[in-house]
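# Understanding the architecture of this molecule
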Amino acid sequence: MHRCRTFLHNRLCTNGKRHRRGWRHPPFDYQHMSELRIAVIGYGNMGRYHAEYLSQGKIPGAVLGAIVDTNPTVLAQAKATYSETSVYESTEALLEARGADAVIVATPHYYHPPLAIKALLAGVHALVEKPAGAYTKQIKELNAVAAKSDKIFGIMFNQRTNAAHQKMRDLVASGELGEIKRVLYVITNWTRTQAYYDSGGWRATWEGEGGGVLLNQSPHNLDLLQWIAGMPTRVRGFCAFGKYHNIEVEDDVTAYLQYANGASGVFITTTGEAPGSNLFEVVGDRGKIVLRDGGVTFHRTVEPVSKFLKENPNGFAAPETWVCEINARGGEEHIGITKNFVNAIVNGTPLLASGLEGINGSELANAMLLSTWTDAWVDLPLDSDLYWTELQEQIKNSSTKKDAATQKVMSVAGTF
Ligand SMILES: NC(=O)c1ccc[n+]([C@@H]2O[C@H](COP(=O)([O-])OP(=O)(O)OC[C@H]3O[C@@H](n4cnc5c(N)ncnc54)[C@H](O)[C@@H]3O)[C@@H](O)[C@H]2O)c1
């Protein structure tokens, strides 16, 4: 009898034959080996959602393989809900038991890098929740391990599945918009109440979370900012700490960005406003692309603005502009990223959100905080050691006392 080496994806037997898709290999336990066993690490608000869609068969080729949580009460809840699924009290125990082929890390941010590193070193594919980590020093360590690994490393930037965001990226990357001159991102609809911050012992503390809105809600937007418009070279941040909530970390941010080509940018975010805005405007030499509340409009000038400014004889003229409403909205969000992750493992499909890119948004978040603490511009790439040292100062000087065990589950539906 010959046995398939790993999973369906290479469909290669030890006798060297490649099987057709869907081919069944008697008497081998094909059902077990053919489906990727994904373990969810961290069975909280987000982990429950991942476990749910995996258990409902919404990810072709994958099953909910196991659940890991360090909190025994939470683990008991997982067992009660998924009686057929193995549960483990630690990632080490899961890996020791070879209980998964891939993991989704949905723990508090500080644990994303160390747990993903453990998985990758054990030969297990890893998909980490955003942000990649709390500080770039630890994310660099993760990226170094991932770069040497032959396993797939993805990050849950679910907003990259949104057709509007993809269209914006295409319009910039294809050159349709021309050279970027300015970006403006006002993302203030992440409204969160005090009850939200009180729901978890790790939330909104330097020690437990490592930051506030920049590390929890806005990682999506910081990623889109860099994914679409590229990375700036300098950042000047103005973070307000506990401005709207009884928390020690930032809940209101305005940051100025400078790009290598002279373009400028402003990024504004908060969890303390209502009704908030979601406005992302990228201005280029051929007009501007505006994302507002989920829809994209391209205001396209018929000729390059730089040429028009130079050559038009009328001092008050503005170039003719076509307003193009782009029919692109929504996406598969988390399910889309997980499907893509599984396809990358099984079929070699390129990742929509490579884990290696997670560092960019985190670098922006860290730079905005560091700039506030030092009251100065911060050049990128960020000095990771300096940031780590400053973060330790915040932790040391913290007077917030929270019960680390506090955990109130809240539905994440509609909060992405
Ligand atoms: N992509 C998104 O849209 C999205 C949405 C919400 C949360 N998240 C991310 O998911 C992560 C978790 O957030 P949450 O709201 O679910 O938090 P949560 O507090 O509700 O859940 C975290 C769980 O992790 C467990 N845990 C803590 N340390 C652990 C460890 N070392 N090993 C295993 N389990 C551990 C806790 O016991 C808890 O059950 C965060 O990083 C957050 O940014 C992403």
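To keep things clear, this report deals only with the structure shown in the data block.

Calculation notes
- Residues numbered from 1 in each chain as written.
- Predicted model: local features only at pLDDT ≥ 70, side-chain atom pairs only at ≥ 80, totals over all residues.
- Heavy atoms only, no water.
- Buried < 20%, exposed > 50% of the residue type's maximum accessible area, 1.4 Å probe, protein only.
- Helix = DSSP H or I, 4+ residues; strand = E, 2+ residues; numbered from the N terminus.
- Pairing = 2+ DSSP bridges.
- Polar contact = N/O pair within 3.5 Å; in protein donor to acceptor, adjacent residues only side chain to side chain.
- Contact = heavy atoms within 4.5 Å.
- Axes fitted to C-alpha atoms, helices over the stretch in contact; angles between N-to-C directions.
- Parallel < 35°, antiparallel > 145°, perpendicular 65-115°, else oblique.
- Left-handed = near helix turned anticlockwise from the far one by under 90°.

### Considerations on the pairing of strand β13 (residues 295–301)
- Burial runs high along β13: six of the seven residues are buried.
- Where strand β12 (residues 287–292) and β13 come together, six bridges link them in antiparallel fashion. Across the sheet, the residue bridging to Gly287 is Arg300, located in β13.
- Connecting β12 to the next strand, β13, in antiparallel fashion are two residues, including Asp293 with a positive phi near 50°.
- Strand direction decides the pairing type here: β13 and strand β14 (residues 321–326), joined by six bridges, are antiparallel. The residue bridging Val296 from the neighbouring strand is Ile326, located in β14.

### Notes on the side chain of His50
- Relative to the helices and strands, His50 is located in helix α2 (residues 45–55).
- We classify His50 as buried; its relative accessible area is 0%.
- Polar side-chain contacts of His50 include one of 2.7 Å to the side chain of Glu129.
- Filtering out sequence-adjacent residues up to four positions away, His50 remains in contact with Val40, Ile104, Ala106, Glu129, Met156 and His334.

### So, the packing of helix α6 (residues 136–148) against helix α13 (residues 358–374)
- At their nearest, the axes of α6 and α13 sit 10 Å apart, and the two run at 165° to each other. The pairing of α6 with α13 is recorded here as roughly antiparallel in orientation. In this structure, α6 meets α13 at a crossing whose hand is left-handed. In this structure, α6 uses Thr136, Ile139, Lys140 and Asn143 to contact α13, whose residues at the interface are Ile359, Ser362, Glu363 and Asn366.

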